[in-house]
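Fold and geometry: a report
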Amino acid sequence: MYLLIVFLPLLGSSVAGFFGRFLGSEGSAILTTTCVSFSSILSLIAFYEVAPGASACYLRIAPWISSEMFDASWGFLFDSPTVVMLIVVTSISSLVHLYSISYMSEDPHSPRFMCYLSILTFFMPMLVTGDNSLQLFLGWEGVGLASYLLIHFWFTRLQADKAATKAMLVNRVGDFGLAPGISGRFTLFQTVDFSTIFARASAPRNSWIYCNMRFNAISLICILLLIGAVGKSAQIGSHTWSPDAMEGPTPVSASIHAATMVTAGVFMIARCSPLFEYPPTALIVITSAGATTSFLAATTGILQNDLKRVIAYSTCSQLGYMIFACGISNYSVSVFHLMNHAFFKALLFLSAGSVIHAMSDEQDMRKMGGLASSFPLTYAMMLIGSLSLIGFPFLTGFYSKDVILELAYTKYTISGNFAFWLGSISVLFTSYYSFRLLFLTFLVPTNSFGRDISRCHDAPIPMAIPSILLALGSLFVGYLAKDMMIGLGTNFWANSPLVLPKNEILAESEFAVPTITKLIPILFSTSGAFVAYNVNPVADQFQRAFQTSTFCNRLYSFFNKRWFFDQVLNDFLVRSFLRFGYEVSFEALDKGAIEILGPYGISYTFRRLAERISQLQSGFVYHYAFAMLLGSTLFVTFSRMWDSLSSWVDNRSSFILIVSSFYTKSSQE
């Protein structure tokens, strides 16, 4: 049963990929949706057995790599964090598959789309169930590959090509941290198996000396793992790929941003909690990165005009909350917020897809408006998702988001206060752009074309059913799961995300936080909604004044252009690397030294040498006799004097000198 959870999506993907042209669009869609749905049902059974039943399951299938001290096997670990992630991944993916049947029905390549969507669903369980670093890395890279294929699905669109390439390259930057982190763990612990590494994490730690500087081994490994998480989970510096990924079909955006790719970094940090607990420096860096990301993404989303980009920036902001929850050593709360976030974020994306699908693929909110009467169900779904996103009391987002902020306040450290205040201010901006999205799309006077208004319709039944189920999750999952997953005294996690006693502050956050501090997120979210109502549909004069003022115009450009992150990265990093790649790697090395000293240089040298030797063929016997005598004399002389000359002669330098002389003579000719 446990293996079927992982391999059923692979089965559906393989059949749809190889036999999609025989099955047709409907056959491929039904097959892949059925496989993922059965995987979701089995995940619920596994969740019941593993988490409430307190019986973790470990399966070792076969050896994979065995070489002296290095041993990596195909093994699957099903503990509490794993089964929670499996429920999130498989349930959201099954609803996205069901939604895609109607959404992609008119696309001629829908079998290929369903194949890619299922392979994404396969690699994510492979990542979360892996019992060693290599298997996790396999799933990690597979998720990146599947995301590239899905974002690049409409490959005839230039922007889709650019977005997919950007996502792949930015994630490669993160992998430059993750891969050395895995190598460092093997160097330090002599194994890649999680259970062995975590059991030895508390042992006396070594230091590594590099460039005459001493580094704490565990701290360095954790920072490298964080770099991998930053790339995959769209944290500050590597967040630019996430909004651009909106060029793919809307079901892709829902799957990537709600359940699969961006959650991989958060899960990896939670899985490696026994490592992250010991170096305080790494925890401070994680907290700062997450808090800064939540603030940056929230401020960027307030002035975006693309419907899906606004939701994408809200994803980056919520991922910041999850990351800094891990930084304050509350991994269980982080995974709880990840689960809650998956439901309302998938709901927001699928609702946005219903609007875009009916409005002839229009995504600019400024060209919408007045759609509440035409899309009553979609408007209700979007309202539920937005209220849950801003942490409206007693909805799903409220039960995890407010707990994270209270925990940050209870940390009583500079990093904790930094995270609390940036997170609280981010609540204000989150509320503003969420209600701005609702006002501009559904409530303000319409700016749409008449032909779009006349043809628009609410979501059909196959697209409405997933939205309704996700809306129920956005309403009730947080309330139903709070006491079980993060309640005081719960044994749900069975010590899987390890928290040291000195970092355990959940009880204190429950009883020691002042009431006014607990009310700050609600006050800020209410203020954001009030400002959005007064600025967007009502105060047109205020908007005009804001856009015509010089300072306000620059401020508008700063936030609308995403803090100029893309421009800075392109000007100072990308162009420098491209210039280095052309001038040094291509011209100086590939077409320079390697070709001169490599096959081109050797072949040219022997060809010129043969030409020079052929010129010595004069046809006179006394010339040949003189050459033989001279050669014999030189040979005898050097053989006798070699012991004294060998210390002054370098064969490699002689070869390079000879080759260069021929190259120089040919260039002069």
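Residues numbered from 1 in each chain as written. Predicted model: local features only at pLDDT ≥ 70, side-chain atom pairs only at ≥ 80, totals over all residues. Heavy atoms only, no water.

- By the naming in an unreviewed UniProt entry, the protein chain goes by NADH-ubiquinone oxidoreductase chain 5 and is assigned to Schrenkiella parvula.
- Per UniProt, the comment on the protein chain under Catalytic activity (unreviewed entry) is "a ubiquinone + NADH + 5 H(+)(in) = a ubiquinol + NAD(+) + 4 H(+)(out)". (UniProt positions renumbered as here; feature names shortened; annotations may be inferred.)

**Considerations on the overall build of the protein chain**
- A count of helices and strands for the protein chain gives 27 helices and 4 strands.
- Projecting the C-alpha coordinates of the protein chain onto the three principal axes gives extents of approximately 110 × 65 × 60 Å.
- By the burial criterion, 53% of the 669 residues in the protein chain qualify as buried.
- The long-range fraction of contacts in the protein chain, counting pairs at least 24 apart against all pairs at least 6 apart in sequence, stands at 80%.
- Of the accessible surface of the protein chain, which amounts to about 29900 Å², a share of 67% is contributed by carbon and sulfur atoms.
- If you average the places of the 39 positive and of the 38 negative side-chain charges in the protein chain, the two averages end up 6 Å apart. (Helix = DSSP H or I, 4+ residues; strand = E, 2+ residues; numbered from the N terminus. Buried < 20%, exposed > 50% of the residue type's maximum accessible area, 1.4 Å probe, protein only. Contact = heavy atoms within 4.5 Å. Areas by Shrake-Rupley, 256 points an atom, 1.4 Å probe, with all protein chains shown as cover. Lys, Arg positive; Asp, Glu negative; His and termini not counted. Charge placed at Lys NZ, Arg CZ, Asp CG, Glu CD.)

**With respect to helix α13 (residues 307–327)**
- End to end, α13 covers 31 Å across 21 residues, agreeing with the expected 30 Å (1.5 Å per residue, within 8%).
- Where burial is concerned, most of α13 is hidden: 21 out of the 21 residues are buried.
- With a side-chain oxygen positioned 3.0 Å from the backbone nitrogen of K308, the residue opening α13 is D306.
- Looking one or two residues past α13, S329 carries a phi angle of roughly 65 degrees, positive in sign. (Expected span 1.5 Å × (residues − 1). Polar contact = N/O pair within 3.5 Å; in protein donor to acceptor, adjacent residues only side chain to side chain.)

**Describing the pairing of strand β1 (residues 57–67)**
- Inspection of the sheet shows β1 paired to strand β2 (residues 70–78) by 9 bridges, in the antiparallel sense. Looking at the pairing, R60 lines up with G75 of β2.
- In textbook terms, the turn of a hairpin is the stretch between consecutive antiparallel strands, and for β1 and β2 this stretch comprises 2 residues, one of which, E68, has a positive phi near 55 degrees. (Pairing = 2+ DSSP bridges.)

**A short note on the packing of aromatic side chains**
- Scanning the entire structure with this criterion turns up 22 aromatic pairs.
- Summarising the aromatic geometry, the rings of Y321 and F324 are spaced 5.6 Å apart at their centres and angled 45 degrees between planes, so their arrangement reads as tilted. Linking Y321 with F324, this pair stays in helix α13, spanning 3 residues, or about one helical turn.
- Look at F398 and Y399: their rings are 5.4 Å apart centre to centre, the planes differ by 75 degrees, and that puts the pair in the edge-to-face class. (Phe/Tyr/Trp six-rings, centres within 6.5 Å; stacked < 30°, edge-to-face > 60°.)

**Side note on the UniProt feature "signal peptide" (unreviewed entry) in the protein chain**
- The feature "signal peptide" (unreviewed entry), as given by UniProt, occupies residues 1–16 in the numbering adopted here.
- Taken end to end, residues 1–16 is 94% helix and 0% strand, and its two terminal C-alpha atoms sit 22 Å from one another.

**So, a nonpolar patch on the surface**
- Where nonpolar side chains cluster on the molecular surface, the patch consists of I461, I465, I468, L469, L472, F476, Y479 and L480 and spans about 810 Å² of accessible area.
- Relative to the elements of secondary structure, F476 occurs in helix α19 (residues 461–486).
- F476 sits in the partly exposed class, given a relative accessible area of 44%. (Patch = residues over 30% accessible without salt bridge, like charges linked within 9 Å, V, L, I, M, F, W, Y side chains within 5 Å. Salt bridge = Lys/Arg side-chain N within 4 Å of Asp/Glu carboxyl O.)

**Details of the nonpolar core**
- Core analysis: the largest hydrophobic core is formed by 180 residues, its most contacted members being I92, W241, L275, F276, M339 and M485.
- Looking at which element gives the most residues to this core, the answer is helix α14 (residues 331–358), with 18 residues. (Core = buried A, V, L, I, M, F, W, Y, C linked by side-chain atoms within 4.5 Å.)

**What to know about the pattern of salt bridges**
- What the rule picks out here adds up to 7 salt bridges.
- Across the salt bridge formed by E141 and R172, the nearest N and O atoms sit 2.9 Å from each other. Linking E141 in helix α4 (residues 133–151) with R172 in helix α5 (residues 158–189), this pair joins segments that are 31 residues apart in sequence.
- Assessed through its relative accessible area of 23%, E141 is described here as partly exposed.

**Details of the side chain of N503**
- The topology assignment puts N503 in the loop between α19 and α20 (506–511).
- Look at N503 and you get buried, because its relative accessible area is 9%.
- Sequence-distant contacts of N503, that is, excluding residues within four places in its chain, are made with E277, L283, I328, S329 and K411.

**A word on the packing of helix α12 (residues 280–301) against α13**
- Where α12 contacts α13, the two axes come as close as 7 Å, and the packing angle between them is 160 degrees. Judged by the angle between their axes, α12 and α13 are roughly antiparallel. α13 is crossed by α12, and the crossing has left-handed handedness. On the side of α12, the interface is formed by L283, I286, T287, G290, A291, T293, S294, A297, A298, T300 and G301, while α13 contributes V310, Y313, C316, S317, G320, Y321, I323, F324, C326 and G327. (Axes fitted to C-alpha atoms, helices over the stretch in contact; angles between N-to-C directions. Parallel < 35°, antiparallel > 145°, perpendicular 65-115°, else oblique. Left-handed = near helix turned anticlockwise from the far one by under 90°.)

**Some remarks on the packing of helix α2 (residues 80–103) against helix α10 (residues 263–271)**
- Look at α2 against α10: their axes get within 11 Å of each other, and the N-to-C directions meet at 165 degrees. Taken together, the axis directions place α2 and α10 in an arrangement best described as roughly antiparallel. Viewed along their axes, α2 and α10 form a crossing whose handedness is right-handed. Contacts from P81, T82 and M85 in α2 reach T263, F267 and R271 in α10.
- Split into classes, the residues belonging to the contact of α2 with α10 amount to 3 nonpolar, 2 polar and 1 charged. (Nonpolar A, V, L, I, M, F, W, Y, C, P; charged D, E, K, R; others polar.)

**Digging into the side chain of S147**
- The topology assignment puts S147 in helix α4.
- Once residues lying within four places of it in the same chain are set aside, the contact partners of S147 are L120, I256 and M261.

**Thoughts on the environment of A245**
- Within the element layout of this structure, A245 appears in the loop between α8 (241–244) and α9 (250–258).
- Separated by 81 residues in the primary sequence, A245 and A164 have C-alpha atoms spaced 6.8 Å apart.
- Among all residues touching A245, those that are not within four sequence positions of it are I151, A163, S253 and H257.

**As for the state of the cysteines**
- Counted under the stated rule, the structure contains 0 disulfides.
- Unpaired in terms of disulfides, C222 finds its nearest cysteine sulfur in C272, a separation of 8.0 Å.
- The exposure class of C272 is buried, given its relative accessible area of 1%. (Disulfide = S-S within 2.5 Å.)

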